[in-house]
Amino acid sequence: MLDHSERPVVVAPMAGGVSTTALVRAAAEAGAAAFLPAGYLSPEAVDRQLRELRATGRPYGLNLIVPSRSVPGLAAVAAYRERLVPEAERYGVELPAPRPDDDDHYPAKVELAVAAAPAWVSFTLGIPDATVVDALRRAGSTVLVTVTDAGEARRAVAAGAAVLVAQGGSAGGHSATTSPGSYRGDRGALDVLREVRAAVSVPVVAAGGVGGAAEVHALLAAGATAVQVGTLFLLAAEAGTRPAHRDALAAGGATVVTRAFTGQPARALRNRFTDAYSADAPIAYPAVHQLTAPIRAAAARIGDAGALHLWAGTGFARARPGTCREILDRLT
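Keep in mind the model is a prediction, meaning the values are calculated, not measured.

A. Geometry of the pattern of salt bridges. Across all of its chains, the model carries 12 salt bridges by this definition. R51 is the partner of D47 in a salt bridge, and the nearest nitrogen-oxygen pair spans 3.2 Å. Remark: R51 and D47 occur in helix α2 (residues 43–54); sequence separation between them is 4 residues, near one turn of the helix. Judged by relative accessible area, which is 23%, D47 ranks as partly exposed.

Right, here's the structure in full:
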């Protein structure tokens, strides 16, 4: 990876409009690797953004969400839908019928990745098939897979991953865990890094809870090839972070691991929604994500942080506004 980068810091893919092409381009111009998230975007939108980044002539990465192979319990999803009816009424929206077979246009996005051949393609929320990894490798991309323990690391390497991202439970946003039922998010990046490095021999990028240069240096000293950082870039001038999210980060508070917004464990700032629904949310990604999407969109339109998915890692209190380059300078 570092053959294309001057800094040992990777700007994490942050879906939902946060990781803009402007942020990815700014990171590349400042000498760091950065990933464009394809999650939740249509194939057409992904294609447009890939063309925009390719035109810069600089290296960039693309992140893909691996579709779940498990079928969520429809009864549990239906019960959660009923629990959310007061929220729908509060914001004047309709709750959609869940689509358990939704694959986020994964095959089409894989085809786009193979055709575009970005420098790096990373995967999260699962292990891609070896055939997918091989197609990307033959196209010229380095393939990374995000893992949370030794078992996932071994499976990812068996599938052909050239690099792993060892994600600690302190990371903001979705955990890449393939065992959401037992996931607690209580293991730090250093712990996961050591376990993964002991299990496999490929390079490992560490991720989770980074609040400044001290953590970057500690993870590099522990053997990480690079350190992936997301939360600190939520306040980057080039990021598409919503104003309500930026304000919530500045206001302080605590983070929690919750399934309330998407059905997959994710670390977020604690708010009214996490307090009310975390205990009831089933393990059902993307069905729960589909259910809550209209609620979150309506809350975003009026700047109501109480029902927003305010993804944030444990190092969020040290996030400061600035350009992407300025934030990278603070980290390196």
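Still more to cover.
B. Broad picture of the sheet that holds strand β11 (residues 266–269). Spatial ordering of the open sheet is given by β7-β11-β10, a layout of 3 strands whose pairing is antiparallel. Bordering the open sheet on either side are β7 (173–174) and β10 (255–258), each of which pairs with just one other strand. Relative to β11, β10 runs antiparallel, the two sharing 4 bridges. Its bridge partner being in β11, T255 is matched across the sheet by L269.

C. Spatial organisation of the packing of aromatic side chains. Evaluated as defined, the whole model comprises 5 aromatic pairs. Considering the side-chain rings of F273 and Y277, the 4.6 Å spacing of their centres and the 45° angle between planes classify their relative orientation as tilted. One end of the pair is F273 and the other is Y277, both in helix α11 (residues 272–277) and 4 residues apart, which spans about a single turn. The burial state of F273 is the same as that of Y277; both residues are buried.

D. Expanded view of helix α7 (residues 150–158). Within α7, the full set of buried residues consists of A150, E152, A153 and A156. Axial view of α7: buried residues confined to an arc of 160°, hence all on one face. Buried residues belonging to α7 abut β5 (142–147), β6 (163–167) and α8 (189–199). Its side-chain oxygen 3.2 Å from the backbone nitrogen of G151, D149 forms the N-cap of α7. Once α7 finishes, G160 follows within two positions and takes phi at roughly 110°, a positive value.

E. The arrangement of unusual backbone geometry in detail. Residue P286 follows Y285 across a cis peptide bond; omega there is 10°. You can see P286 is positioned in the loop between α11 and α12 (287–301). Positive phi outside glycine occurs at D104, with the angle close to 55°. Along the polypeptide, D104 turns up in the loop between α4 (85–91) and α5 (106–116). Within the chain, H105 stands out as a residue other than glycine whose phi angle is a positive 55°. By the element assignment, H105 lies in the loop between α4 and α5. Note on H105: relative accessible area 43%, which makes it partly exposed.

Basis of the calculations
- The numbering scheme is per chain: residues are counted from 1 as the chain's sequence reads.
- For a predicted model such as this one, the threshold for reporting local features is a pLDDT of at least 70, and the threshold for listing and counting side-chain atom pairs is 80 or more; totals across whole chains, interfaces and linings nevertheless cover every residue.
- As a convention, hydrogens and water are excluded, and side-chain values are obtained from all of the structure's heavy atoms.
- Salt bridges, as used here, are contacts in which a Lys or Arg side-chain nitrogen is within 4 Å of a carboxyl oxygen on Asp or Glu.
- Helical segments are the DSSP runs of H or I of at least four residues, strand segments are the runs of E of at least two, and each set is numbered from the N terminus.
- Note on classification: 1.4 Å probe, protein chains only; a residue is buried when its accessible area is under 20% of the maximum for its type, exposed when over 50%, partly exposed between these limits.
- In this analysis, strands are considered paired if DSSP registers two or more bridges between them.
- What counts as a ring pair is set by centres within 6.5 Å for rings of Phe, Tyr and Trp (its six-membered ring), and what kind of pair is set by the plane angle: stacked under 30 degrees, edge-to-face over 60, tilted for all other angles.
- Directions are taken from the helix axis to each C-beta atom, and the arc is the one they span.
- By the convention used here, residues are in contact when the closest approach between their heavy atoms is within 4.5 Å.
- Polar contacts, as counted here, are pairs of nitrogen or oxygen atoms within 3.5 Å of one another; within protein the pair requires one atom able to donate a hydrogen and one able to accept it, and residues that are adjacent in sequence qualify only if both atoms are side-chain atoms.

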